[in-house]
Amino acid sequence: MPEPLLEIADLTVSVDGKTILQNINLKVQKNEVVCLFGPNGAGKSTLLFAVLGYPKYHLDSGKIFFKSQEITHLSVDERVRKGIGIAFQHAPGLRGVKLIDLLKLSGNSEKEQEIKTLAKKFKMEAFLNRDVNFGFSGGEIKRSEVLQLAASSPEFMLLDEPDSGVDIENVELLGTEINEMLKGKSGLIITHVGYILNFIKAHRAVVLYEGKIVCEGDPYQILKDIKVKGYKGCLECPKCR
Ligand code: ADP
Ligand code: MG
């Protein structure tokens, strides 16, 4: 096995003194797309925030490596510059910041025409001169978030429920674009409902349950099993015990 692009080793994370994640071990290889399943409150978003290094998420133990280099003590900004990017589950609105200006600042190109072409793919041309995510509908916020990730096109993409609260047409648009974005890259995608997997080629999945990884395997098979037996079924699955 080559060195993983991202390695999470024995990570225990707490927020405000409460342990949320316990002894998480996860490797993501180059060109690999891993799905992260789990019920509400399992700690999925917490894991993504910990990978990005938000100070609120305290590491009680463990290390994170990116491209074989330990990044555990790096700032969010330093991690982003190393090639980790995120599309948030609950993206904040930025009053006074126009979407086009954010894309110029954080994206790989400042050229207006290139940004407009990319925005068009996400049906976001009409939103470029509006304040980021301000007054956007649920689907528009998701398109805006994934557009921002597409503009910076990091080597490793964290996607937190890009299909939640999104109608069928938007899931198709987002899924198709995310699948394109992930070509030659790696990602960790949280999906609660799994709709996005109809459009994305994912290689592996892990199930997070009450802060622990309880199952690992083929994402499409795990999703099928979850739909039949619920997340509790993962705990009883003979393959994982
Ligand atoms: P998921 O994304 O799997 O739905 P989260 O990672 O958002 O779950 O949350 C996991 C648990 O951690 C929840 O019980 C949530 O209430 C708690 N939690 C997350 N963030 C905070 C915070 N900032 N302060 C206190 N508790 C938090
Ligand atoms: Mg979440």
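Q: Give a description of the packing of helix 3 (residues 99–106) against helix 5 (residues 138–152) that names residues and reports values.
A: Where helix 3 meets helix 5, the axes come as close as 9 Å, and the angle between the chain directions of the two elements is 30°. With respect to each other, helix 3 and helix 5 are oriented roughly parallel. Crossing hand, helix 3 versus helix 5: right-handed. Contact with helix 3, carried on its side by L99, L102, L103 and S106, involves S144, L147, Q148, A151 and S152 of helix 5 and no other residues of that element.

Q: Please set out the sheet that holds strand 12 (residues 212–217) residue by residue, giving values where relevant.
A: A sheet is described by the order of its strands in space; here six strands give the open sequence 6-9-10-3-11-12, paired in mixed fashion. Every interior strand has two partners, whereas the edge strands, strand 6 (84–87) and strand 12, have only one. Averaged over all adjacent pairs, the angle separating strand axes in this sheet is 20°, with direction ignored. Inspection of the sheet shows strand 6 paired to strand 9 (residues 156–160) by four bridges, in the parallel sense. Paired with I84 across the bridge in strand 9 is F156. With respect to the sheet, helix 5 is in contact with strand 6 and strand 9, its orientation differing from that of strand 6 by roughly 170°.

Q: Tell me about the packing of aromatic side chains, residues and numbers included.
A: Under the counting rule described, the total for this entry stands at five aromatic pairs. Geometrically, the ring pair formed by F49 and Y54 is edge-to-face, given 5.2 Å between the ring centres and 80° between the ring planes. Overall, the relative accessible area of 28% leaves Y54 in the partly exposed class. Among the aromatic residues, ring-to-ring pairing joins F49, Y54, Y57 and F88 into one connected group.

Q: Go over the site of ligand 1 with me, naming the residues and quoting the values.
A: As a structural note, the neighbourhood of ligand 1 is formed by 14 residues, with G41, K44, S45, T46 and K56 the closest of them. With respect to ligand 1, the backbone of G43 contributes an N or O atom lying 2.9 Å from an oxygen atom. Separating an oxygen atom of ligand 1 from a backbone N or O atom of S45 is a distance of 2.9 Å. Only strand 2 (18–28) and helix 1 (44–52) provide two or more residues apiece to the shell around ligand 1. Considering every element that reaches the shell around ligand 1, the biggest residue donor is helix 1, with three residues.

Rules used in this analysis
Positions within a chain are numbered from 1, following the residues in the order the chain's sequence is written. Chain letters start at A and ligand numbers start at 1, both assigned in the order the entries are written. Under the rules for a predicted model, residues below a pLDDT of 70 receive no local features and side-chain atom pairs below 80 are neither given nor counted, while totals for whole chains, interfaces and linings still include all residues. The side-chain figures draw on all heavy atoms in the structure; neither hydrogens nor water molecules are used. Note on geometry: axes are C-alpha line fits, over the in-contact stretch for helices, and angles between N-to-C directions span 0 to 180 degrees. Under the DSSP-based scheme used, a helix requires at least four consecutive residues in state H or I and a strand at least two consecutive residues in state E, with every element numbered from the N terminus. An angle below 35 degrees is treated as roughly parallel, one above 145 as roughly antiparallel, one from 65 to 115 as roughly perpendicular, and anything else as oblique. It is the rotation of the near helix from the far one that decides the hand of a crossing: anticlockwise by less than a right angle makes it left-handed, clockwise makes it right-handed. When checking whether two residues touch, look at their non-hydrogen atoms; a contact exists if any pair is within 4.5 Å. DSSP calls a pair of strands paired once it identifies at least 2 bridges connecting them. Here a Phe, Tyr or Trp ring, Trp counted by its six-membered ring, pairs with any other such ring whose centre lies within 6.5 Å, and the pair is stacked when the planes are under 30 degrees apart, edge-to-face when over 60, and tilted otherwise. For each residue, the accessible area found with a 1.4 Å probe, counting protein chains only, is set against the maximum for its type, and the residue is called buried under 20%, exposed over 50%, and partly exposed in between. Whether a residue is near a molecule or strand depends on its heavy atoms: if one lies within 4 Å, it is near. Polar contacts here mean pairs of N or O atoms no more than 3.5 Å apart (in protein, one a potential hydrogen donor and the other a potential acceptor; neighbouring residues in sequence count only if both atoms are side-chain atoms).

These values are about where atoms sit, not about what they do.
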